Structures are given as structure tokens and as C-alpha cells.
Amino acid sequence: MIKSTKYFSRCIGELPEGCRLCVKGYKTVLFITGICPRSCFYCPISEQKKNKDVIYANELPLTGEQDIESLIEEAESHDSKGAGITGGDPLSRVNRTIIFIRKLKERFGRAYHIHLYAPLENCTEERLKQLFDAGLDEIRFHPDIFENSLWDRIKLARKFSWKTGIEIPVIPEKEKETIKLIEYLKDSIDFLNLNELEYSDTNSSNMSEKGYKTKDDLSYAIKGSYLSGMRILKHIEKRIYKTRLNAHLCTAKLKDAVQLRNRMLLKAKNTRLPTDIISNDGILLRGCIYTKELSPRIRKIKEITKSAENMSQPLSEFKPFFKKNIFLDKKKRRLLVNAKKLIRELESGSLPEGYDYAIVEEYPTYDGFEVSVNFLN
Ligand code: SF4
């Protein structure tokens, strides 16, 4: 039976363990490399990462295999109970992947659940064995639905006692090709994860060339993908449910409104300053004070962080107004205070001139993505 989940997705059977932890925000996304032998037209990876040998833990860049402490700190910041290893192709950097799996298991224990996404080009029995021996719990293959020459490699994963699945985006109107793949592999996998196809800055021209559009102006989901996914689920329900294949249609809304939101809430709760106000979506509301030279009115954040200007003089100037409740943000070169208190002080006319005052809404992530900056003067 096709069920609606409480996460805006649909499923037959059970959600895989990796997804169950992911929707609650407990999975750390470990981007192991941007290197990949494929060039899928729908690849959503950003310019910053695509085909570059870079590593990220959530939004935090890591310097290499030796940077395990930063990864652990990031994982702890959102009460991580597992990791999803992604790329690029993690199998193109298998030694690095194994080091991280081992270190994570050493630090958080065997129950720390690790799943990994992989295209098939670099998949060999030897590499799978190395991953299994390192402690990988779940492997999700990303086969090319239009080219069946590598599909058999997925069967190699059956030699190991982990969970094996397929995870692919639903390309609208390509149900026939997708169903062919599912029928071929249904007895070799434990689960199927279908992702609603999404538009990104890097795949936008490919999408437009193929005539794919977003559902509406507010969504990144591609029109027709969800309906094709539902038709595939119906096929599974009718024809192959008896094989007990678990199938999940994961929506764009699940990723934004559930998974990302839950990770933000966990991270905000653990890393907030006493002056921060946290929204229901885990976004931080902050009162910000900038010197005129470093104000985002005239500078981009990157330029601000490079600036060597000393903020200790402004900090002493504002201490009498905010006492202990004022913090220096070295990264963005600004002072942080409680948003409501900042408004009250400004309304009373007590704060000095020569500064820019703003209320900023931003993610509690390493990159501190700013949702809005509203200047008060
Ligand atoms: S396999 Fe994944 S990372 Fe590689 S090109 Fe395709 S979508 Fe991008």
C-alpha cells in the first residue's frame, strides 16, 4: 500500500534507516569529493564543488583526511546520529572515504549509522569490501537509467550484510526506463529511493534545454517529476510489492521543510549565542552593529572577513549599553546583540552615530547564509 509519511513524502513498506535519521536532521552530510566520472544533465552540485576535489561536513569545508576534529565538531553541533557520505563519487576517493568512516565509528560508536551514495563507474567488489570492512551500514547506488551496461555491479553488494538500495531522481515521463531498471534489480536491493527532480543554479540550462520547468515560482521541484514518481510507486504496488521492496518517493518539500529545518533547529539550539532569537525554522534572528567601513551596505561578506580592521574599539564603545550581552563576530567583523534590545536602544536615541544597525536573519550554519538584512538606520 502507498502511504503518505508525515514528512510530505510517499512510501511503500518502510523508510530505510538512513532516511529515518535524515528527516530528523540527525545526519551529517559528508561531501567527500566533487570528482565524478559521470556528467548527469541533472547534477545539482554547486560550481564551488563540482569536479573539484573538496571536502565538506554540512556547510563546513574540511582541509583533508587529517581534519577529523572539525568533522566531529560539526557533527556534534547538531546532535548527529549518523552520516550520509556523498559527492561526486565517493568511490573515486575510496581511501579517504574509508578513513572517515573508521574515524566516525571510532568516535561515535558502532551504532552511528553511515550510508553512502555512489554511481557505478568505480564500483568493484574490492572497493565494496573495503567499505564494508570499515563499517559502512548502507549503500545507495545511483545507476544511469538510460544505460544498462553497469547495472549488474549492484548485485556485487549482495555479498555483504549491509542494506543495499538504489537512489535516483525521477525524470518526468521516463517511467518506462526507470521501471525497467527496478524490475531488473528488484531482488538485489532492499530499498528504492526516488527523488523528486530539482532545479539548481548549475543544472538550470540543461533543464531548460530539455524543456523541464519548475512547478511554480516558489519551488525548485521540476514539474511532472512527482507525478511520474507516483506512477512508478503504483507500478511497484501492483506488480512487485510481493517482493517486499521498500520504496520511498522523497519530495523537494521534505528536504527543505523537514530535513534542513530539523538540522537547523538542532544546530541553532546547540550553537546559539545567549542574544540570539531562534525562529520556528531554526533561523537565527540577530541584532548587528557594523562600522561604516565594514557594513554589508558597501561590502560583500567575503571582503569583510578579509578585512583586518580592529573591532575592539567599537566593542568597548557599546559595552555600556549591552553589558555582557554583546559579542564580537570575528568572521563577519560585526557586533552581535539581542535584536529586540537593539531596537529599543535605537528608539530611545541612546546609541552613537557613525555605525550601521541591522536585524539579520541567518542560518546557524558555518557559511551563515543570510536570509535577510534589514537596516534600522
Ligand atoms: S553521479 Fe551524481 S555527482 Fe556524478 S554527475 Fe551524476 S548527479 Fe552529479
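Residues numbered from 1 in each chain as written. Predicted model: local features only at pLDDT ≥ 70, side-chain atom pairs only at ≥ 80, totals over all residues.

Thoughts on the overall build of the protein chain
Scanning the protein chain from terminus to terminus reveals eleven helices and 17 strands. The C-alpha atoms of the protein chain give a radius of gyration of 23 Å, which matches the 21 Å a tight globule of 377 residues would have. If you line up the protein chain on its principal axes, its C-alpha atoms span 70 × 45 × 35 Å. The 377 residues of the protein chain split such that 41% are buried. Expressed as a percentage of contacts within the protein chain between residues at least 6 apart in sequence, the contacts between residues at least 24 apart total 71%. (Helix = DSSP H or I, 4+ residues; strand = E, 2+ residues; numbered from the N terminus. Rg over C-alpha atoms; globule rule 2.2 N^0.38 Å. Buried ≥ 20, exposed ≤ 12 C-beta atoms within 10 Å, placed from the backbone. Contact = placed C-beta atoms within 7 Å.)

Some words on the pairing of strand 11 (residues 246-250)
Counting buried residues in strand 11 gives five out of five residues, a clear majority hidden from the surface. Sheet topology note: the strand 2 (residues 10-12)/strand 11 ladder contains three bridges and is antiparallel. Directly across from Ile12, in strand 11, lies its bridge partner Ala247. Looking at chain direction, strand 10 (residues 191-196) and strand 11 are connected through five bridges and run parallel. The residue of strand 11 that forms the bridge with Leu192 is Ala247. (Pairing = 2+ DSSP bridges.)

Regarding helix 5 (residues 175-185)
Burial in helix 5 covers these residues: Thr178, Ile182 and Leu185. When helix 5 is viewed along its axis, its buried side chains cluster within an angular range of 80° and face the same direction. (Arc of directions from axis to C-beta.)

Here we look at the site of the ligand
Around the ligand, the structure places Cys36, Arg38, Ser39, Cys40, Cys43, Ile45, Gly87, Gly88, Asp89, Pro119 and His142. The class makeup of the residues in the shell around the ligand is five nonpolar, four polar and two charged. (Near = placed C-beta within 6 Å. Nonpolar A, V, L, I, M, F, W, Y, C, P; charged D, E, K, R; others polar.)

Here we look at the environment of Asp67
Note that Asp67 resides in the loop between strand 5 (60-62) and helix 2 (68-77). The exposure class of Asp67 is partly exposed, given the 15 C-beta atoms found within 10 Å. Separated by twelve residues in sequence, Asp67 and Ile55 place their C-alpha atoms 9.8 Å apart.

Some words on the domain arrangement of the protein chain
One can read the domain layout of the protein chain as domain 1 (2-269) and domain 2 (274-375). Between domain 1 and domain 2, the contact holds eight residues from the first and ten residues from the second. In terms of residue count, the dominant contributor to the side of domain 1 that touches domain 2 is helix 8 (residues 252-271) (five residues). Partitioned by chemical class, the residues of the side of domain 1 that touches domain 2 number four nonpolar, one polar and three charged. (Domains from an automatic or database assignment.)

Remarks on the sheet that holds strand 3 (residues 27-33)
If you walk across this open sheet you meet the eleven strands as 1-2-11-10-9-8-7-6-3-4-5, and the pairing is mixed. Each edge of the open sheet carries a strand with a single partner, namely strand 1 (2-4) and strand 5. In this sheet, neighbouring strand axes are inclined to one another by 20° on average, regardless of whether the strands run parallel or antiparallel. Set on the sheet, helix 3 (residues 94-108) makes contact with strand 3, strand 6 (82-87) and strand 7 (113-118); between it and strand 3 the angle comes to about 155°. (Axes fitted to C-alpha atoms, helices over the stretch in contact; angles between N-to-C directions.)

Examining the packing of helix 3 against helix 4 (residues 125-134)
Two numbers describe how helix 3 lies on helix 4: the axes approach to 9 Å, and their chain directions differ by 15°. In this view, helix 3 runs roughly parallel relative to helix 4, as classed from their interaxial angle. Once helix 3 is placed against helix 4, the crossing between them reads as right-handed. The residues of helix 4 that touch helix 3, namely those facing Val94, Thr97, Ile98, Ile101 and Arg102, are Arg127, Gln130, Leu131 and Ala134. Split by residue class, the contact of helix 3 with helix 4 holds five nonpolar, two polar and two charged. (Parallel < 35°, antiparallel > 145°, perpendicular 65-115°, else oblique. Left-handed = near helix turned anticlockwise from the far one by under 90°.)

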